[in-house]
Amino acid sequence: MVRKFTTLYRHIIDEERKIPEATGQLSDLLYDIALACKVISLEVNRAGLIDILGLTGEENVQGEAVKKLDDYSNEILMHMMKLGGHTCAVCSEEEENYIPMEEKYFHQEVLNKYILHFDPLDGSSNIDANISIGTIFSIYKRISKNGIATLEDCLQQGYRQVAAGYVVYGSSTIMVYTAGRGVHGFTLDPSVGEFLLSYENMKIPKKSSTYSINEGNYSKWSKGMQNYISYLKEKDKDSGRPYTARYVGSLVADFHRNLLYGGVFIYPEDDKNKNGKLRLMYEANPLSYIIEQAGGRSSNGKERILDIKPGSLHQRTPLFIGSEEDVLLAEKFLSEEVSKNGVDVKKQIEYKK
Ligand code: AHM
Ligand code: MG
């Protein structure tokens, strides 16, 4: 019996048809991103062979230099954007400045109206250990009316995103995206080379029992932050504690697991990294858009991530993202009264079950 399935492209088109003024350009752009990620997925799967077939930096059998996988992923996405002709600027975690598309790459009939931000290969330090890594992307509409895109076009607040998503290269390759009408996940079927709908309208549980954080940084955190994690580790059946810790050090992989089962991912500021480690435009904003669409919450501990006015493309931000009640609780611990008094926080927290 042949089962009914939905391809990513069909899903994207069906979604866009619901918007009367849609031109189809966003659908095409999303499809171009998916295509680039299929190519990256192939290379990621071959990564373990690099040591056998030739080290990065050496020449391959055709006499070409073997590229680092993150550089390669960056180039594939950039190249696809030029071919596709739907973006007027591309911003990458791997590039210092934004790349405005030359007008020769503009689509013939319609003005290229989108700006794409991406982290081409997040968690790349995990490649050699066969741990899941991923691509994260974020799409905005340009503000300027025509011509070459400006920095202002590229530095918009996260709530203005029109679509965002990520691809995890793990035990299978999964693409998750939102265009503002729910979050949907697709698994790559390598035999047909298509992403097929596997998770429709994903919702994160409101409260979880899992936290994801690099706890090795404990001594560098603020008192409020330390108190929060200590609280999660205490025994208290009624509030579902102690929590379980899960952290692989690939944001996309940690985020994806928490989206499916519930959890809170945290990369706070510490006394070395005053603004945390993660990038607002390439990591925090797209995942925050997704988590809000899935019914979760995201903040820098004080302010909603999607409201932050970016000052630069590579700006960093502390990130608290995941199940709503867990993020709210973290914010409470960080709030001034709690961190100032510091000690008996338990009494000050009214935990909603
Ligand atoms: P990257 O974009 O250079 O790969 O760095 C971001 C990664 C995230 O994927 C991950 O959550 C974090 O860095 C891990 O950092 P740490 O090793 O400090 O725990
Ligand atoms: Mg990254």
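See above for the structure.
Residues numbered from 1 in each chain as written. Chains lettered and ligands numbered in written order. Predicted model: local features only at pLDDT ≥ 70, side-chain atom pairs only at ≥ 80, totals over all residues. Heavy atoms only, no water.

### A closer look at the overall build of the protein chain
Right, on to step 1. For the protein chain, the count of helices and strands is 11 helices and 15 strands.
Right, on to step 2. Counting the 353 residues in the protein chain, one finds 52% classified as buried.
Right, on to step 3. When contacts within the protein chain are restricted to residue pairs at least 6 apart in sequence, long-range pairs at least 24 apart make up 65% of them.
Right, on to step 4. As displayed, the protein chain has an accessible area near 16800 Å², and 49% of this comes from carbon and sulfur atoms. (Helix = DSSP H or I, 4+ residues; strand = E, 2+ residues; numbered from the N terminus. Buried < 20%, exposed > 50% of the residue type's maximum accessible area, 1.4 Å probe, protein only. Contact = heavy atoms within 4.5 Å. Areas by Shrake-Rupley, 256 points an atom, 1.4 Å probe, with all protein chains shown as cover.)

### With respect to the sheet that holds strand β4 (residues 133-141)
In a beta sheet, neighbouring strands pair by backbone hydrogen bonds and run either parallel or antiparallel.
Right, on to step 1. The eight strands lie next to each other as β2-β1-β3-β4-β5-β6-β7-β8, forming an open sheet whose pairing is mixed. In this open sheet, the two strands that pair with only one neighbour each are β2 (99-100) and β8 (194-199).
Right, on to step 2. On the sheet, helix α1 (residues 8-17) packs against β6 (173-178), β7 (183-189) and β8 and is oriented at approximately 5° with respect to β6.
Right, on to step 3. Contacting β1 (87-92), β3 (114-122), β4, β5 (163-169), β6, β7 and β8, helix α2 (residues 25-46) runs over the sheet at an angle of about 165° to β4. (Pairing = 2+ DSSP bridges. Axes fitted to C-alpha atoms, helices over the stretch in contact; angles between N-to-C directions.)

### Looking at the coordination of the magnesium ion (ligand 2)
Right, on to step 1. In the first shell of the magnesium ion (ligand 2), the protein supplies Asp119 (OD), Asp122 (OD) and Glu283 (OE), at 1.9 to 2.2 Å from the metal.
Right, on to step 2. Taken in chain order, the donor set of the magnesium ion (ligand 2) reads D-x2-D-x160-E. Of the two residues, aspartate 119 sits in strand β3 while glutamate 283 sits in helix α8 (residues 280-293), which places them 164 residues apart along the sequence. With respect to class, aspartate 119 is no different from glutamate 283; both count as buried. (Donors = N, O, S within 2.8 Å, 3.2 Å for Na, K, Ca; no water.)

### Considering the side chain of glutamine 157
Right, on to step 1. Along the chain, the position of glutamine 157 falls in the loop between α5 (151-154) and β5.
Right, on to step 2. For glutamine 157, a relative accessible area of 18% puts it in the buried group.
Right, on to step 3. Engagement of the side chain of glutamine 157 in a polar contact is seen with the backbone oxygen of aspartate 307, the distance being 3.0 Å.
Right, on to step 4. Those residues in contact with glutamine 157 that lie beyond four places of it in its chain are Tyr140, Leu306, Asp307, Ile308, Lys309 and Pro310. (Polar contact = N/O pair within 3.5 Å; in protein donor to acceptor, adjacent residues only side chain to side chain.)

### Quick notes on the pairing of β8
On any regular strand, side chains alternate: one points to one face of the sheet, the next to the other face.
Right, on to step 1. Two strands pair when backbone bridges link them, and β7 and β8 are joined in this way by five bridges, in the antiparallel orientation. Counted as the bridge partner of glycine 185 is tyrosine 199 from β8.
Right, on to step 2. In this antiparallel pair of consecutive strands, β7 and β8, the connection spans four residues, and glycine 193 shows a positive phi of 70°.

### Concerning the pairing of β6
Right, on to step 1. Judged by how many residues are buried, β6 sits mostly within the fold: six of six residues are covered.
Right, on to step 2. In β6, alternate side chains face the same way, and those of Thr173, Met175 and Tyr177 on one face and Ile174, Val176 and Thr178 on the other are all buried.
Right, on to step 3. When β5 meets β6, the two strands line up antiparallel, connected through six bridges. Following the sheet pairing, tyrosine 169 is matched in β6 by threonine 173.
Right, on to step 4. Count of turn residues in the β5/β6 antiparallel hairpin: three residues.
Right, on to step 5. Pairing analysis gives five bridges linking β6 to β7, with the strands arranged antiparallel. Residue pairing in the sheet places isoleucine 174 in a bridge with threonine 187 of β7.
Right, on to step 6. Here β6 folds back onto β7, and the loop between the two strands holds four residues, one of which, glycine 180, carries a positive phi near 90°.

### Describing the packing of aromatic side chains
Right, on to step 1. Under the counting rule described, the total for this entry stands at seven aromatic pairs.
Right, on to step 2. Look at tyrosine 166 and phenylalanine 255: their rings are 5.6 Å apart centre to centre, the planes differ by 85°, and that puts the pair in the edge-to-face class. Linking tyrosine 166 in strand β5 with phenylalanine 255 in helix α7 (residues 251-261), this pair joins segments that are 89 residues apart in sequence.
Right, on to step 3. Overall, the relative accessible area of 0% leaves tyrosine 166 in the buried class.
Right, on to step 4. Note on tyrosine 247 and phenylalanine 265: the rings are 6.1 Å apart at their centroids and 25° apart in plane angle, and the pair reads as stacked. Of the two residues, tyrosine 247 sits in the loop between β10 (244-245) and α7 while phenylalanine 265 sits in strand β11 (residues 264-267), which places them 18 residues apart along the sequence. (Phe/Tyr/Trp six-rings, centres within 6.5 Å; stacked < 30°, edge-to-face > 60°.)

### So, the packing of α1 against α2
Right, on to step 1. It is the contact of α1 with α2, at a shortest axis distance of 9 Å, that shows an interaxial angle of 160°. Overall, the two elements α1 and α2 adopt an arrangement that is roughly antiparallel. Between α1 and α2 lies a crossing of right-handed hand. Between α1, through Leu8, Tyr9, Ile12, Ile13 and Glu16, and α2, the contact on the second element is made entirely by Gln25, Leu26, Ser27, Asp28, Leu30, Tyr31 and Ala34.
Right, on to step 2. Taken together, the residues of the contact of α1 with α2 sort by class into eight nonpolar, two polar and two charged. (Parallel < 35°, antiparallel > 145°, perpendicular 65-115°, else oblique. Left-handed = near helix turned anticlockwise from the far one by under 90°. Nonpolar A, V, L, I, M, F, W, Y, C, P; charged D, E, K, R; others polar.)

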